[in-house]
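Residue-level listing of the chains:
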Amino acid sequence: MKKIHAGAIGKQTGFSLVELLLAMALISVLLAGFYGLFSVSLRSWVIGNSQTEVQQVARQAVDLMTREIQYSKKEQAVITNSNSQLTIQTGQYGTLQTISYYLDATGSPKTVIRADATGTRAISGASSVNVSVEELVFSSMGNGTVGIRLTVVDLARPGNRVQIDTAVTALN
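Below, the structure is looked at part by part. (Residues numbered from 1 in each chain as written. Predicted model: local features only at pLDDT ≥ 70, side-chain atom pairs only at ≥ 80, totals over all residues. Heavy atoms only, no water.)

**A look at unusual backbone geometry**
And then number 1: Located in the positive-phi region is Asn-143, a residue other than glycine, with phi close to 55°.
And then number 2: Assignment of secondary structure puts Asn-143 in the loop between β8 (131-140) and β9 (145-154). (Helix = DSSP H or I, 4+ residues; strand = E, 2+ residues; numbered from the N terminus.)

**Notes on the pairing of strand β6 (residues 111-116)**
And then number 1: Among the 6 residues in β6, 6 count as buried, and that is most of the element.
And then number 2: Here β6 shows two buried faces, one formed by Thr-111, Ile-113 and Ala-115 and the other by Val-112, Arg-114 and Asp-116.
And then number 3: Relative to β6, strand β5 (residues 97-104) runs antiparallel, the two sharing 5 bridges. Each residue of the ladder has a partner; that of Leu-103, found in β6, is Val-112.
And then number 4: The hairpin turn running from β5 into β6, its antiparallel successor, is 6 residues long.
And then number 5: Where β6 lies against strand β7 (residues 119-122), 4 bridges are found, and the strand directions are antiparallel. Opposite Asp-116, over in β7, you have Gly-119 as the bridge partner.
And then number 6: In sequence, β6 turns back onto β7 through a hairpin of 2 residues. (Buried < 20%, exposed > 50% of the residue type's maximum accessible area, 1.4 Å probe, protein only. Pairing = 2+ DSSP bridges.)

**As for the pairing of β5**
And then number 1: Sheet analysis places strand β4 (residues 85-90) next to β5, joined by 6 bridges and oriented antiparallel. Across the sheet, residue Gln-89 finds its bridge partner in β5, namely Thr-98.

**Some points on the sheet that holds β9**
And then number 1: Within the open sheet, the 3 strands sit side by side as β8-β9-β10. Their pairing is antiparallel. Every interior strand has two partners, whereas the edge strands, β8 and β10 (157-169), have only one. The average angle at which neighbouring strand axes cross in this sheet is 15°, direction not considered.
And then number 2: Sheet analysis places β8 next to β9, joined by 9 bridges and oriented antiparallel. Its bridge partner being in β9, Val-137 is matched across the sheet by Arg-149.
And then number 3: Those strands touched by helix α1 (residues 17-70) are β8, β9 and β10, and its axis lies near 20° from that of β10. (Axes fitted to C-alpha atoms, helices over the stretch in contact; angles between N-to-C directions. Contact = heavy atoms within 4.5 Å.)

Structure below.
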């Protein structure tokens, strides 16, 4: 800081133009760094949130199918349509019901459909992220055990996909 002499006023102190420019340049560099850090953090949060949503959609669909298959009759699990449809009979809800699961590939996004005597409903795809079921495959593993493979993809980020493989044994 330099001292400025002004005849009658007395001695005054202040910053020179060079000092002010250096301070502004330093502040600009710091703000640019903070902006870059914030931008990367925000992008990471958005991608992480999207991945979580895709995982939740897949998990919820598999959980529902798993629970109903566990309560189905071992000898009644029928896999049709090139391993893409499963039909079971379950007494889980007090009366014997026939329930089918299949991939509805006619619409966009593709969804897993649960059909019973009361109608059909999608059990996947209800999410804030635009997800689509890419693959649903059932396989008979013997002794009342059904294998399930479900692959779900985020349509906005096609590289963001989740695949769940599980095997479920009917308890009845």
